[in-house]
Amino acid sequence: EAQVTQNPRYLITVTGKKLTVTCSQNMNHEYMSWYRQDPGLGLRQIYYSMNVEVTDKGDVPEGYKVSRKEKRNFPLILESPSPNQTSLYFCASSSGRQNNSPLHFGNGTRLTVT
Amino acid sequence: SQQGEEDPQALSIQEGENATMNCSYKTSINNLQWYRQNSGRGLVHLILIRSNEREKHSGRLRVTLDTSKKSSSLLITASRAADTASYFCATVLVTGANSKLTFGKGITLSVRP
């Protein structure tokens, strides 16, 4: 089954403790992206990757890192999480450029930073 | 910002009625997409309409695009309780080798049985 898999689904951590949220897709998609969703703010893009070893900042990249060593994986790294990073995070992928390719989303990771 | 803005923010209708949701944006776009999100889940792509298209249908969904007014509408006909969800429009702008997809803040649709 074609899918985007995120782990974990829920994560509670403390300020400053490094964490990684994994994302994997099995559709051989070139494009992958991370979003955060907050009430009243909609979805905001954190980072995206057009292909292996190519990553770019989205609209809210501060406090986050990503890597794209393999086509299928696009982990999101929070080196020193803070409470304002408490949010619902989504990974998404699409084939090629987005001019005609819809995004496929994972089921989300709800992160709480205390 | 080219961000789409949906209208209304929330909509409550009776099962069987039609639901119309609108999206406005500010800059030229290459295409516009509509997504649905069930509570706490990932977004699911519904339909994509290109800038040179005016109307598209998919099952009970009808999407229109008016580039002169920079607006789009999503019509769900004969709504069902299972259509209860949040709906997002997303605009795509391609510039050179890059493309940017920007989501609106969403519309919450409640369909009463």
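Reading guide: rules and limits
Residues numbered from 1 in each chain as written. Chains lettered and ligands numbered in written order. Predicted model: local features only at pLDDT ≥ 70, side-chain atom pairs only at ≥ 80, totals over all residues. Heavy atoms only, no water. Phe/Tyr/Trp six-rings, centres within 6.5 Å; stacked < 30°, edge-to-face > 60°. Helix = DSSP H or I, 4+ residues; strand = E, 2+ residues; numbered from the N terminus. Buried < 20%, exposed > 50% of the residue type's maximum accessible area, 1.4 Å probe, protein only. Pairing = 2+ DSSP bridges. Axes fitted to C-alpha atoms, helices over the stretch in contact; angles between N-to-C directions.

A.B. asks: Requested: an account of the packing of aromatic side chains, with residues and values cited.
C.D. replies: Evaluated as defined, the whole model comprises eight aromatic pairs over all chains. For the ring pair Tyr-35 of chain A and Phe-105 of chain A, a centre distance of 5.9 Å and an interplane angle of 40° mean the geometry is tilted. Highlighted residues: Tyr-35 of chain A in strand S4 (residues 31–38) and Phe-105 of chain A in strand S10 (residues 104–105), separated in sequence by 70 residues. Accessibility expressed as a relative area gives 1% for Tyr-35 of chain A, which makes it buried. Given the relative accessible area of 11%, Phe-105 of chain A is considered buried. Look at Phe-105 of chain A and Phe-103 of chain B: their rings are 6.0 Å apart centre to centre, the planes differ by 70°, and that puts the pair in the edge-to-face class. In this pair, Phe-105 of chain A sits in strand S10 while Phe-103 of chain B sits in strand S10 (residues 98–103), so the two residues belong to two different chains. Of the two residues, Phe-105 of chain A and Phe-103 of chain B, both sit in the buried class.

A.B. asks: Describe the sheet that holds strand S3 (residues 19–24) of chain B, listing the residues and the values that go with them.
C.D. replies: Residues and elements named next belong to chain B. A sheet is described by the order of its strands in space; here five strands give the open sequence S1-S3-S8-S7-S6, paired in antiparallel fashion. Strands with a single pairing partner mark the edges of an open sheet, and in this sheet they are strand S1 (5–7) and strand S6 (55–58). Within this sheet the neighbouring strands show an average axis-to-axis angle of 20°, counted without direction. Looking at chain direction, S3 and strand S8 (residues 71–76) are connected through six bridges and run antiparallel.

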